[in-house]
Amino acid sequence: MTIDVSGLPSTAYLFAPSPVSELTAALHLLVEPLHHPAQATQIQAMSAAAGQDLLDRAIAFGHLWDKSCADFLLPARPGATLALELDAIDDLDDETWVDNVLVTCRCGGLARSMGLGSVLADERAVELARDRAAASGPAALAFVDRILADPVKVRGEVRLLLEDCQDAFFDQVWRTLVAHLTVDARHKTDLLWNHGPSRAVAAVAPAVWLDEQRQRIVVDKLIDVHVSARGTGVTFLPTVLGDPHLLVVQAPGWQPVLRYPVAGRDAVQTSAEDVQQRLRALDHPMRLRLGRSLLAGPHTTTELADIWDVTAPEVSRHLAVLRDAGLVTVERRGRYVAYRLDVPAVARLGADVLEAMLR
């Protein structure tokens, strides 16, 4: 996806931590714990502090932060405290708040795009939203009906939930994270002022860069969306709890906001193109067999040819494909060259691939 930043001055780039954004990331962990095994300890600690009642309430509003995230929970102007950010959310009118929430159920903005009235007043807009929500399942439909029946009450319940989460566990979590997030935001800001937007954006993540020639920020995500930051600016929110997700506010009428992970900065972030190349490289029985041998340790081309009873040139051709895909590394043994499987690179493709090689 791309963000048009043509003519945007450096003052229009903002890097800052956000309490409500990080709390949203925490709630995502609590409602989708199986998606984040690396953060199991953090999830267990927050779950224990929250208690079952609070967890049930977080799950009941899960559409706001499970598969996607309501855009107003990623503020373009982060506040110093959660209370200030919640006050800013309260300033949204009911129609804007509801329409933004409905986007998480894949039924927001439809009425406007089709020339219908407000989803809070136009029966045709309501039916359109309900039909689209029903396509996502009964839980989504029940959630939409609950919002449309009494949006003022639901808004109050959401704010109360976030405040209760702060009291139960997030206040303590935030105190341990805010310094780290602030340091990261200041580092990006220093790069912005000393070296320009290109360096600052490139430091966000390997999957994000500034195309200076075309004046756009490119985010390597498996979606084809184009939004504009002209006249508004663009905000970058660092997150620890949101690792490894890279979220972008892209809805029409909303300022582009990008939430990026600062935890695990030494980890390799593989592009979608690289993933495709690696899957294609493994889509051959001989290359899987070579990978199995290399998993046990480094081997030369001749050794691999003897193991699998094939010619050395054939082994070399397959190794070249694996090497170009970044799945094997090369090391020299005197006059010989040995190949070693890059186990972390294979593991990032999935446990089933690694298991197939281990059989």
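Placed above this text is the structure.
Presented here is a report on the structure given in the accompanying data block. Fair warning: this is a prediction, and the values are worked out from it, not measured in the lab.

Re the packing of helix α4 (residues 94-103) against helix α8 (residues 151-195)
1) Next: Between α4 and α8, the shortest axis-to-axis distance is 11 Å and the interhelical angle comes to 70 degrees. The orientation of α4 with respect to α8, classified from their angle, is roughly perpendicular. Once α4 is placed against α8, the crossing between them reads as left-handed. Side by side, α4 and α8 meet where Asp94, Trp97 and Val98 of the first sit next to Pro151, Val152, Val154, Arg155 and Val158 of the second.
2) Next: Within the contact of α4 with α8, the residues separate by chemical class into six nonpolar, no polar and two charged.

Describing helix α11 (residues 285-295)
1) Next: Residues of α11 that are buried include every one of Met286, Arg287, Leu290, Gly291, Ser293 and Leu294, and no others. Buried residues of α11 fall within an arc of 160 degrees about the axis and therefore sit on the same side.
2) Next: Positive backbone phi, at 150 degrees, marks Gly297, one or two positions downstream of α11.

Focus on the sheet that holds strand β4 (residues 216-219)
1) Next: Across the sheet, four strands lie side by side as β3-β4-β1-β5; this open sheet has mixed pairing. Unpaired on one side and paired on the other, β3 (208-211) and β5 (226-228) mark the two borders of the sheet. Looking at each pair of strands side by side, their axes are set apart by 25 degrees on average, direction ignored.
2) Next: Pairing geometry for strand β1 (residues 2-4) and β4, over three bridges, is antiparallel. Considered in β4, the bridge of Asp4 is made with Arg216.

Some thoughts on the layout of surface pockets
1) Next: There is about 310 Å³ of room inside the second largest pocket.
2) Next: Considering the residues around the second largest pocket, the lining is formed by 19 residues, among which Phe72, Pro75, Ala76, Arg77 and Trp254 are closest to the centre.
3) Next: Ranked by the residues each element gives to the lining of the second largest pocket, the list is headed by helix α3 (residues 82-90), at four residues.
4) Next: Partitioned by chemical class, the residues of the lining of the second largest pocket number 13 nonpolar, three polar and three charged.

Points about the pairing of β4
1) Next: Relative to β4, β3 runs antiparallel, the two sharing four bridges. Its bridge partner being in β4, Asp211 is matched across the sheet by Arg216.
2) Next: Two successive antiparallel strands, β3 and β4, enclose a turn made up of four residues, where Gln215 displays a positive phi of approximately 55 degrees.

Some thoughts on the sheet that holds strand β10 (residues 328-333)
1) Next: Spatial strand order, β9-β11-β10: three strands in an open sheet with antiparallel pairing. The sheet is open, and its two edges are formed by β9 (299-300) and β10, each paired on a single side.
2) Next: On top of the sheet, helix α13 (residues 312-324) reaches β10 and β11 (336-341); it is set at about 115 degrees to β10, its chief contact.

Side note on empty space enclosed by the protein
1) Next: Applying the stated rule across the entire model yields one cavity of 30 Å³ or more.
2) Next: Around the largest cavity, the lining residues are Phe72, Leu86, Ile89, Asp90, Trp97, Arg155, Val158, Arg159 and Leu162.
3) Next: For the lining of the largest cavity, the elements supplying multiple residues, two or more each, are α3 and α8.
4) Next: Here the lining of the largest cavity is built from residues that sort into six nonpolar, no polar and three charged.

Quick look at the pattern of salt bridges
1) Next: Under the definition given, this model contains 13 salt bridges.
2) Next: Its salt-bridge partner being Asp90, residue Arg159 comes within 2.4 Å of it at the nearest N-O pair. With Arg159 in helix α8 and Asp90 in helix α3, this residue pair connects regions lying 69 residues apart in the sequence.
3) Next: By relative accessible area, which is 18% here, Arg159 ends up buried.
4) Next: On the accessibility criterion, Asp90 (39% relative accessible area) is partly exposed.
5) Next: Arg216 is the partner of Asp211 in a salt bridge, and the nearest nitrogen-oxygen pair spans 3.7 Å.

About the cut-offs
For every chain, the first residue of the written sequence is number 1, and numbering continues from 1 onward in sequence order. Reporting of local features is limited, given that this is a predicted model, to residues whose pLDDT is at least 70; pairs of side-chain atoms are given and counted only at 80 or more, and all residues count toward the totals for whole chains, interfaces and linings. In computing side-chain values, all of the structure's heavy atoms are included and hydrogens and water are not. Inter-axis angles, ranging from 0 to 180 degrees, are taken between N-to-C directions of lines fitted to C-alpha atoms, where helices are fitted over the stretch in contact. For helices the rule is a DSSP run of H or I covering at least 4 residues; for strands it is a run of E covering at least 2, with both sets numbered from the N terminus onward. What sets the label is the angle itself: under 35 degrees gives roughly parallel, over 145 gives roughly antiparallel, 65 to 115 gives roughly perpendicular, and the rest give oblique. Here a crossing is called left-handed whenever its near helix is offset anticlockwise from the far helix by less than a right angle, and right-handed whenever the offset is clockwise. Any two residues whose heavy atoms approach within 4.5 Å at even a single point are treated as in contact. Each residue is assigned to one of three groups, with Ala, Val, Leu, Ile, Met, Phe, Trp, Tyr, Cys and Pro labelled nonpolar, Asp, Glu, Lys and Arg labelled charged, and all others, Gly among them, labelled polar. A simple rule labels every residue: compare its accessible area, found with a 1.4 Å probe on the protein chains alone, to the largest value its type can have, and call it buried under 20%, exposed over 50%, or partly exposed in between. This arc corresponds to the set of directions leading from the helix axis out to the C-beta atoms. Here, a strand pair is defined by DSSP locating no fewer than two bridges between the strands. We place a 1 Å grid over just the protein atoms. Points where a 1.4 Å probe fits but has no way out form a cavity, open points with protein on both sides within 12 Å along at least 5 of 7 lines form a pocket, and any residue with an atom within 4 Å of a point lines it. Grid points are joined across faces, edges and corners, and a volume is the space filled by probe spheres set on the points. Counted as salt bridges are all cases of a side-chain nitrogen of Lys or Arg within 4 Å of a carboxyl oxygen of Asp or Glu.

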